[in-house]
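Residues per chain are reported as follows:
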Amino acid sequence: MLTTLLQNVINALQWGSFYSMIALGYCLVYGVLRLINFAHGDIFMVAAYIGFVFVGFLLKFMPGSGMYGWLVLAITLPVTMILTSMLGVFIERVAYRPLREKGAHRLYVVITALMVGLVLENGNLAIFGASSRKFPEIIDKVVFTFAGVRITNLKVLVIVTAIVIFIFLQTVVNRSKIGMAMRAISYDKFGIPLMGIPVNRVVVFTFIVGSSLAAIAGVLFGMSYPVLDPYMGMIIGWKAFIAAVVGGIGDIKGAFLGGFMLGFIEILIVSFFSSNLKDLIAFTILLIILVIKPTGFFGVAKSTKI
Amino acid sequence: MSLLKITDLTQRFGGLTAVSDLQLNLEEGGLYGLIGPNGAGKTTIFNMVSGFYTPTEGTINFDGNVINGKKPHTVTALGIGRTFQNIRLWHDMTVLDNIRLSQHYHLGYSVFEPFLRTKNYFKNEKRIEEKSMELLGVFNLQDIAHEYPKNLPYGIQRRVEIARALAAEPKLLLLDEPAAGLSSADVSDLIDHIRWIHDNFDITILMIEHQMEVIMNLCQYIKVIDFGKTIAEGTPAEIQKNPQVIKAYLGDEGEVYA
Amino acid sequence: MGKYQQKTMMIGGGILFGLLLILAHFKMIDLYVQSVIMFIGVNIIFATSLSIVNGYMGEFSCGHAGFMAVGAYVSSLLTVVLFTVDKETGLAILPASMSIYLFPVIIIIGGIAAGIAGLLIAIPSFKTRDDYLAIITIAVNFIIITALNNMDFVGGSRGYMGMKKVIYGMEGVMKFPYMLFWVITFAIFTVFLIRRFITSTYGKGIIAIKQDEVAAEIMSVDTNHMKLVAFMFSSGLAGISGGLFAHVIGYVNPGSFSILKSTEGLVMVYLAGMGSLSGSVISAILFTILLELLRPLQIFKWVIIPLILILVMQFRPEGLMGDKELSDYFPKLKKFYKFK
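Residues numbered from 1 in each chain as written. Chains lettered and ligands numbered in written order. Predicted model: local features only at pLDDT ≥ 70, side-chain atom pairs only at ≥ 80, totals over all residues. Heavy atoms only, no water.

Draft legend 1. Broad picture of the interface of chain C and chain B. Facing the 27 residues of chain C at the interface are 31 residues of chain B. Across the interface of chain C and chain B, roughly 2700 Å² is buried in total on both sides, 64% from carbon and sulfur atoms. Among the residues chain C hides against chain B, the three largest losses belong to Thr201, Ile218 and Met219 of chain C. Together they make up 27% of the total. On inspection of chain C and its partner chain B, the count reaches 2 salt bridges. Applying the counting criterion to the chain C and chain B interface returns 18 residue pairs in polar contact (both at pLDDT 80 or more). Sorting the residues of the side of chain C that touches chain B by element identifies helix H8 (178-199), helix H9 (204-211), helix H10 (213-218) and helix H11 (223-249) of chain C as the ones contributing at least two each. Residue composition of the side of chain C that touches chain B, grouped by class: 13 nonpolar, 8 polar and 6 charged. (Contact = heavy atoms within 4.5 Å. Buried area = accessible area lost by both parts, 1.4 Å probe. Salt bridge = Lys/Arg side-chain N within 4 Å of Asp/Glu carboxyl O. Polar contact = N/O pair within 3.5 Å; in protein donor to acceptor, adjacent residues only side chain to side chain. Helix = DSSP H or I, 4+ residues; strand = E, 2+ residues; numbered from the N terminus. Nonpolar A, V, L, I, M, F, W, Y, C, P; charged D, E, K, R; others polar.)

Draft legend 2. Inspection of the packing of aromatic side chains at higher detail. Within this structure, the stated rule accounts for 40 aromatic pairs over all chains. Taken together, a centroid distance of 5.8 Å and an interplanar angle of 65° make the contact between Phe18 of chain A and Tyr225 of chain A edge-to-face. Residue Phe18 of chain A is located in helix H1 (residues 2-33), and its partner Tyr225 of chain A is located in the loop between helix H8 (199-224) and strand S4 (227-228); the two are separated by 207 residues in the primary sequence. Of the residues examined, Phe18 of chain A reaches a relative accessible area of 1% and is grouped as buried. On the numbers, 6.3 Å between centres and 75° between planes, the contact of Tyr32 of chain B with Tyr221 of chain B is edge-to-face. (Phe/Tyr/Trp six-rings, centres within 6.5 Å; stacked < 30°, edge-to-face > 60°. Buried < 20%, exposed > 50% of the residue type's maximum accessible area, 1.4 Å probe, protein only.)

Draft legend 3. Looking closely at the interface of chain C and chain A. Taken together, the contact between chain C and chain A spans 41 residues of the former and 45 residues of the latter. For the chain C and chain A pair, buried surface summed over both sides reaches about 4000 Å², with 79% attributable to carbon and sulfur atoms. When the buried area of chain C at its contact with chain A is split by residue, Tyr132, Ile135 and Gln314 of chain C rank highest and sum to 16% of it. At the boundary of chain C and chain A, one finds 1 salt bridge. When the shortest N-O distance is used, the salt bridge between Asp131 of chain C and Arg106 of chain A registers 3.1 Å. Viewed at the interface, chain A and chain C are joined by 10 residue pairs in polar contact (both at pLDDT 80 or more). For the side of chain C that touches chain A, the secondary structure elements donating two or more residues are helix H6 (130-149), H10, helix H12 (259-272) and helix H14 (301-315) of chain C. With 12 residues, H6 of chain C is the single largest residue contributor to the side of chain C that touches chain A.

Set out below in structure tokens:
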């Protein structure tokens, strides 16, 4: 019994790691621009495909096992991050920034983000077709067993990556100069340009970081659950976003913990009830939390001043 | 007769006590001033009286009803109107609609009547429109009834906001810094204007203001607060001489200017 | 404001509608064209109902399709159980002749059920707004869909059918293009009701909420009450559109009411402009026709359409109409219909 429970905890940690990594991307953009970047889940999906294509390309030249497997991963990750960041910045530059500069209503930018997501999903569907793809196995599986609990090296990698990313972001946002600029923009977007802070550069930086996170998550996701399909980003993305809000969006800690919480809820439901009820129960729990605590666990209510 | 009676009113936000142990008694028909340095808790008092905040302790008794904890729209319906420090008109709605909407509490028809367009609906819409136009006429605003407030000069916007507050037929009108942002010519207009409203609408007025010209000219009785506590109260003449008020406003060396 | 012109307009519209029905009745209009007209009608109801909340009240509801689903399932279940022979329930409970009269009633019952489901959003909206409320609406959409997926008596994820049989039953009693008639009637009815709501001082309370909620509450608008009414009204109408949609298609499954469907609604409302009723109607028509025209492109359709919309947003960042009505652009139209 205890073993099953611990096994589930490990699975939940891995599953939650993905939600957390995606939620952090939402959270960064939301924190700076107050924009729900609905395309983020699809950027994650595109990243997984970029990783898939690139790994396929590399495997033509080198075997995908042993040390070579790690080498493939070591080359794929940065390449995917760069390509995905370029996509993210391109979207920002072409679709969001002109609207921002024209002073369009906030919701029009959100709708544009939704549309960008659709373009990515269906563009992908048009290129790769509806059949799902199998991500090649590049790392030899090593299983550690502690007291009957099985942990693969991949799981460890995923969980550790998520934690490292969180610590990295916490440091960047709270300690670095550009992090301070990011927080400042979210606080007062009219005053900040007057202070000589290059808003657009900070925004581009935010999108680079956010997309890179999606890239890491995408590649690791492909390795962990090796079936890719064009709509995978949408569902995971929406869920991660809700998780980020439940944690308290605009706060990195909140998004991170929110992602893990959703992972735990889902894995526990699957192991104790049935996987059919997973979404129903998970969303109901999230809804109840939001109704009771509208700003999430770590979010701070903005008080209206009159 | 006492219209508004506030006893032992306290408001805390977390560790901060914005207003503590406030007592206030407004007689019907009076014109009162509430002054104090920035951050003294004046607007907080207004927010509690108009129902926007629920006081931590104490009671607010208005016209025989205890109103603390009541929702703002109920409080307005009972007869307290207010204006805001930063004008809060509905900027994308005509001036006429602005006035119309603050009669939302006594439309005189039920939820279904707008859909059915009954006789009663038309009768009441007509009544509301006529009353609104009449009110605008009184304020000499009838010509801009179909303009949008965002296109109007600041001084006019202030007047529209006061008209809007009066459309709900309040017994007590709370004015939050009515002279803020006005030119000196506009300020003297405003003084006449408020006096005129007070005389013609048979209303009690409580106002927050920083411009002493307005307060000293208009108010019969003034309450001075600082850090949420009452530091002085009395007639304008008494307040002007009160050493504590001078200290709060000008610091310890203030005697020189007194 | 010409009373005479208005009357002409109404009579003209009535004649046009009658002509359409006669042509459809004698099969002089292609069935495909008929179905496009019906989709336009359904989308008009869907878009205008969403514009109550998103356009006029200024909240951001992204789960509108959930309510459409409630209306679709409730009304389909009622018509199929009441009027068709089922393996499990045995004989039809009511004779087919009654279906002609009860059909609109059942569609409205579906709407009422959806309106009650609207409480799921209305109640949280008292405390929450903006993006947080948007998340709640997404969650509600997901909850409704996954709940339907888990209900075996309506077919779960396989979907539910049998509504065509109901329509055939109705046609068996008396030949008439029922669906065309009811879709157009309900669409006109919806626009009519929303217009009445939004032009009354009562209904303008929700516009006040959009522009300044604090001022609205302090100036005697009971904001919670108005939100409750607006959300229930809006989701109720969405339920009606769902009921009609289900009977036009003859088949529903939870997947047809996913977030994608909600997104379509959002597109129609924001393409129109926030707070323009005639805009919502026009964009519902344009959008449906665009969807049909691009059908041969298959999957590329859903690449092209979002791209077009992104472009439209770049050139008209306030939507096609902004918050203006058709009569603001063409003042002569004021003679024919009154809006503000």
